[in-house]
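Residue-level structural notes
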Amino acid sequence: MATIEEITDSSRPIKDIISDLQKKSIVIPPWSDLEKEYNPKKHPVMTDASYTDKTKKGVVEKVTRITVAMQKGAVGKMTQLAFGIPVKRVYKAKKPGEKKAAMIMENIFQRNHINNVNIERGKMLYAGCEVLTLWYSTQTPNNFYGEPCELKLRCKNYSPMNEESLYPLFDDYDDMISMSVGYVRDEGGSKVEYFETYTANKHYRWSKGDGDWVELVNEEITLEKISGIYIWRKTPIYEDTSNNVYEIEWTLSRNGNYIRKNSKPIFAVFADEEIDMDKEKDDDFKSVFQYPKGSDAKYIDWPQATESLRLQLENLYKAFYTQLQLPDMSFDAMKTVAMSGEARKMMFLDAQLKVVEEQGIWIEAFDREVNIIKAYMKIMFPKYANDIETLQVEQVITPYTINDEKEEVGNLSTATGGKPFMSQKEPVSRFGKAEDVEAEVQQLQTESQVSVFEPTV
């Protein structure tokens, strides 16, 4: 395989350079296919050419189209289970310089709203199968991170869901040698195509409007590593369940058609003679009818098999969540059976195991992210370079679960033999109603003191 220097040789035509950079060795479903499953507006019940509205005597009779965005819901649930409780960073800092480096790194994460970044790229990965988080710096003197510096660190997520094409390029040893992003922007009413490439020491940007490719940026990078975290998976999180979702939609839609046609009762007359009846209008009210002796007249309702329909839908819903190891956290599901806090926790056991299964790629990505931020920090704060290098950071993903604080407090109280295990200040602060926590605690202590002049009962 050619080296990245050989691929990006400026003597080569730009179109050949880009063609080589677009050679993707990993196989990922294209977003154009995934979107047909993820977006309920593109499900078969909405797009099937044979399922169309019918026109009778100039009147359009619309068919029922009911969609359920279960794939989108699965993506949201998996992201919430993994990042609903923010990822915790454990800094193993021993020396004062390492503690300072840990403070700076945490400030960088917080300034970039890393919890929101994680939720966004979680949805991008579980729906689109790949996501790139690019870290970059801007020349902005600041004191954001607890120490004055000349650079501000930012990050941005890229995904096919945003009409951005990602092209990682690996060498023969599966090491990434370049990361490229292709996208289109509307400029002055015309579409301009861009292609950006990042290597360990170079950043390129090319554009193509109506003519050929043109080089816009060719700059050196002093970071000595690609400043992007690329994460991918072979299938979306809702893998192999879309057919069940389609069956639910078809069942609900067909049932909607039947209800529309048959829900209105039919007034039937049973007689041996032909009886002349006025045509019924919507605002008519039949009060008295006279029929021959022995005749019968009554409304006939549609005997719909609701139980079999309900059973089929319930089984399809259950199969969807069971196959994906995701809990059905809907209000109806949670209110059905009264449960204790421990029982509700057990509902999330399968989902927690799913998060454990998924967290491997995330931990690996987070470790690369820490190394990238460390590289930036050495440039931004050179006096802490050694401490930044030796600082160890562990990132912990905590699967979301339901916590019953009353039971937890009871367990802790039992463990301490019924003795207090928390100061008054902590619950007053967490309750959040006191404007001045210190004054409130002082008042509670004052009120609890026994006066020697007032005898106790």
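Residues numbered from 1 in each chain as written. Predicted model: local features only at pLDDT ≥ 70, side-chain atom pairs only at ≥ 80, totals over all residues. Heavy atoms only, no water.

Time to look at the sheet that holds strand E7 (residues 176-187). Sheet architecture is open: 5 strands sit in the order E6-E7-E8-E9-E10, paired in antiparallel fashion. The sheet terminates laterally at strand E6 (164-170) and strand E10 (214-220), the two strands that pair on one side only. This sheet shows a mean twist of 15 degrees between the axes of neighbouring strands, independent of strand direction. Across 7 bridges, the pairing between E6 and E7 is antiparallel. In the sheet register, Leu169 faces E7, and the bridge partner there is Ser178. Helix H2 (residues 14-21) rests against E6, E7, strand E8 (190-198), strand E9 (202-208) and E10 of the sheet, and its axis sits at about 115 degrees to E9. (Pairing = 2+ DSSP bridges. Helix = DSSP H or I, 4+ residues; strand = E, 2+ residues; numbered from the N terminus. Axes fitted to C-alpha atoms, helices over the stretch in contact; angles between N-to-C directions. Contact = heavy atoms within 4.5 Å.)

A few words on the confidence of the model for the protein. In this model, the protein carries a mean pLDDT of 85, and residues with pLDDT of at least 70 account for 80%. Across the protein, the secondary-structure element scoring lowest on mean pLDDT is helix H10 (residues 331-335), at 60, and the one scoring highest is helix H7 (residues 114-128), at 97. (pLDDT = per-residue confidence, 0-100.)

Across all of its chains, the model carries 19 salt bridges by this definition. Put simply, Lys42 and Glu35 hold a salt bridge, and the shortest N to O gap is 3.3 Å. What makes Lys42 partly exposed here is its relative accessible area of 37%. Among the ionic pairs, Glu369 bridges to Arg121, the shortest N-O distance being 2.9 Å. You can see Glu369 sitting in helix H12 (residues 349-380) and its partner Arg121 sitting in helix H7, a full 248 residues away along the chain. Note on accessibility: Glu369 and Arg121 belong to one class, buried. Counted as one network, the salt bridges with shared partners bring together Arg12, Asp20 and Lys23. (Salt bridge = Lys/Arg side-chain N within 4 Å of Asp/Glu carboxyl O. Buried < 20%, exposed > 50% of the residue type's maximum accessible area, 1.4 Å probe, protein only.)

What follows concerns the packing of aromatic side chains. In the structure shown here, the tally under the stated rule is 13 aromatic pairs. Between Phe144 and Tyr145 the ring centres are 6.2 Å apart and the planes differ by 85 degrees, which places this aromatic pair in the edge-to-face class. Its relative accessible area of 0% is what places Tyr145 among the buried residues. Centroid distance Phe320 to Tyr321: 5.3 Å. Interplanar angle 90 degrees. Geometry classified as edge-to-face. Take Tyr321: its relative accessible area is 14%, and that puts it in the buried class. Sitting above the plane of the Phe109 ring, Arg89 keeps its charged end 4.6 Å from the centroid. Between Arg111 and the ring centre of Phe144, over which it is positioned, the NZ or CZ distance is 3.9 Å. (Phe/Tyr/Trp six-rings, centres within 6.5 Å; stacked < 30°, edge-to-face > 60°. Lys NZ or Arg CZ within 6 Å of the ring centre and 35° of its normal.)

Attention now moves to the sheet that holds strand E11 (residues 228-232). Read across the sheet, 3 strands follow the order E5-E4-E11 without closing on themselves; strand pairing throughout is antiparallel. Each edge of the open sheet is held by one strand with a lone partner, namely strand E5 (149-158) and E11. On average, each strand axis in the sheet is tilted by 20 degrees relative to the strand beside it, whichever way the strands run. Both strand E4 (residues 130-142) and E11 contribute to a ladder of 5 bridges, which runs antiparallel. Within E11, the position partnered with Thr133 by the bridge is Ile229.

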